[in-house]
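# Examining the three-dimensional arrangement
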Amino acid sequence: MKYKILRTDKAEEQLRKIIFYIADDSGDIDIALRYLDKIETAINRLQEFPESGSVPRYSILKKQGYRVVVVERHLVFYKINETDKLVIIYAIVDGRREYRNFNKKDKKAFSLTWMLFCQVKKGRA
């Protein structure tokens with residue numbers, strides 16, 4: 001049975017910003033759209049293979065159910081809801097970026113994301 005994909009508003013906003021940035025930086029909307037297609041393909045693959053993302057080694061992140069899919073330089077963070085057959089996309093972030101300017105509201109959520117990213121980057125996920 002296929003899982004349904006649900007994206008948080010934050011993940012949608014992050015994806016828009018990524019695509020707009022690529023279009024602006026490259027000066028070519030087609031480059032941005034091709035990259036969007038890569039991210040969308042990776043996310044849609046989760047409908048059939050929701051457990052295909054990496055699981056972090058840190059027990060706190062495992063307990064919270066986070067998984068991550070790497071799409072070139074971006075990380076897609078998600079959780080699986082088995083009961084409702086749902087994959088919830090929480091964040092799509094640039095793995096190359098240094099995150100120093102988060103406001104207090106985002107710090108707790110970010111700290112978990114950053115810990116997960118560091119594990120993926122080191123090949124420990």
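Structure first, text after, so check above.
Calculation rules
- Residues numbered from 1 in each chain as written.
- Predicted model: local features only at pLDDT ≥ 70, side-chain atom pairs only at ≥ 80, totals over all residues.
- Heavy atoms only, no water.
- Phe/Tyr/Trp six-rings, centres within 6.5 Å; stacked < 30°, edge-to-face > 60°.
- Lys NZ or Arg CZ within 6 Å of the ring centre and 35° of its normal.
- Helix = DSSP H or I, 4+ residues; strand = E, 2+ residues; numbered from the N terminus.
- Buried < 20%, exposed > 50% of the residue type's maximum accessible area, 1.4 Å probe, protein only.
- Contact = heavy atoms within 4.5 Å.
- Polar contact = N/O pair within 3.5 Å; in protein donor to acceptor, adjacent residues only side chain to side chain.
- Pairing = 2+ DSSP bridges.
- Axes fitted to C-alpha atoms, helices over the stretch in contact; angles between N-to-C directions.

Enumeration according to the criterion identifies one aromatic pair in this entry. Of note, lysine 79 hangs over the ring of tyrosine 66, and the distance from its end group to the ring centre comes to 4.5 Å.

What follows is about the environment of histidine 74. Inspection of the secondary structure assignment puts histidine 74 in strand β3 (residues 74-81). Residue class for histidine 74 comes out buried when judged on its relative accessible area of 3%. Measuring from C-alpha to C-alpha, the distance between histidine 74 and valine 93 comes to 5.4 Å, with 19 residues separating the pair along the chain. Histidine 74 has contacts with Ile18, Tyr35, Val69, Val93, Asp94 and Gly95, leaving out every residue within four places of it along the chain. A distance of 2.6 Å separates the side chain of histidine 74 from the side chain of tyrosine 35, its partner in a polar contact.

Now for the sheet that holds strand β1 (residues 4-7). Pairing within the open sheet is mixed, and its four strands lie in the order β1-β4-β3-β2. Strands with a single pairing partner mark the edges of an open sheet, and in this sheet they are β1 and β2 (67-71). Averaged over all adjacent pairs, the angle separating strand axes in this sheet is 30°, with direction ignored. Here eight bridges tie β3 to strand β4 (residues 86-94), and the two strands are oriented antiparallel to one another. Within β4, the position partnered with valine 76 by the bridge is isoleucine 92. Of the strands in this sheet, β1, β3 and β4 touch helix α1 (residues 9-26), which is tilted by about 40° from β4.

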